[in-house]
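Structural overview
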Amino acid sequence: MKTKDNSTWIIKLPHKAKVLVEVGDIVKEGDKLVVFKSHRVEAFDFSNSLSNLSDEKREQINNMFRDKFVKTGDVFCKVGIFKNKICFPLTGTCLGFDEFKNLRIEMVEDEEKEIFAPIESKVTKIEDGKMVLEFGAREYKGEGLNGLKAWGTGEIKIIDDSKFLSYELDGNILFTSNLEKAFLLKAQVVGVNAVVTNNDETKDVYINLTILKLEKNVWHEFMKENIGKKKKMMVNAKMDKLLIVLE
């Protein structure tokens, strides 16, 4: 078992996101950190209609429209003896032709999305496309069964019987030695965010939940210190650890 005073939570910043905080800020759980709109790039094959277009002409179109906002139906080229009009098929930012001579357009969705702080923490880094939050926590090393991670809040207790799986566990972490598929599926239905187990038989466990296995001695120490207490926790199966937030 390993303990330490501080841990970090890394948020990947979406493309062209607006960051609402600065390095050094103390944020509370639920504070809005980032707002953004989803970006999607579509590629359109004009190889047939533009088959007679020279590389020079294609480069001219690139230089004229690249990084500019275009609308569906706008004409970007006329071809043939009858000057047939070739129009932009989508509204968005024109990215020009790629190496396969496909015309690429970046579309921005209208709906604005938000990212909130999962825990009271300090913003320690905003660069390289990510934001790092630091918070006080005690760490218990384990073995992750997948690359998922999840937060949970609630009373720490051991549940091995499905009759005790209720919606009171919604948003909490399930501690169990029962890894039967039907049991885990019910846990998922009632809203469990992650599973922590001391069961060594994890080879055939497949479910879309964050799952972490603790060795028997770590499990024993963890339960001795925390059972019956209401805690904010984070299970990071990718980094093989369970974190208890320090109050």
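The notes below deal with the structure included here. What you see is a predicted model, and the numbers here were worked out from it, not measured in a lab.

Analysis parameters
Residues numbered from 1 in each chain as written. Predicted model: local features only at pLDDT ≥ 70, side-chain atom pairs only at ≥ 80, totals over all residues. Heavy atoms only, no water. Helix = DSSP H or I, 4+ residues; strand = E, 2+ residues; numbered from the N terminus. Rg over C-alpha atoms; globule rule 2.2 N^0.38 Å. Contact = heavy atoms within 4.5 Å. Salt bridge = Lys/Arg side-chain N within 4 Å of Asp/Glu carboxyl O. Buried < 20%, exposed > 50% of the residue type's maximum accessible area, 1.4 Å probe, protein only. Pairing = 2+ DSSP bridges.

Things to note about the overall build of the protein
- Helices and strands together make up the secondary structure of the protein, namely 3 helices and 18 strands.
- A compact globule built from 247 residues would reach a C-alpha radius of gyration of about 18 Å, whereas the protein, at 26 Å, exceeds it by more than 25%.
- Based on the C-alpha atoms only, the size of the protein along its principal axes is roughly 85 × 45 × 30 Å.
- Of the contacts made within the protein by residues no fewer than 6 positions apart, 60% connect residues no fewer than 24 positions apart.

Notes on the pattern of salt bridges
- Within the structure shown, the criterion is met by 11 salt bridges.
- A salt bridge links Arg-58 to Asp-55, with the shortest nitrogen-to-oxygen separation between them at 3.2 Å. Placement of the pair is Arg-58 and Asp-55 together in helix α1 (residues 55–65), with a separation of 3 residues, close to one helical turn.
- Take Arg-58: its relative accessible area is 9%, and that puts it in the buried class.
- Through salt bridges with shared partners, a single ionic network connects Glu-143, Asp-200, Lys-213 and Lys-216.

Overview of the sheet that holds strand β15 (residues 194–197)
- Spatially, the 4 strands line up as an open sheet ordered β12-β16-β15-β14, and their pairing is mixed. Whereas interior strands pair on both sides, the edge strands pair on one side only; in this sheet they are β12 (143–144) and β14 (173–176).

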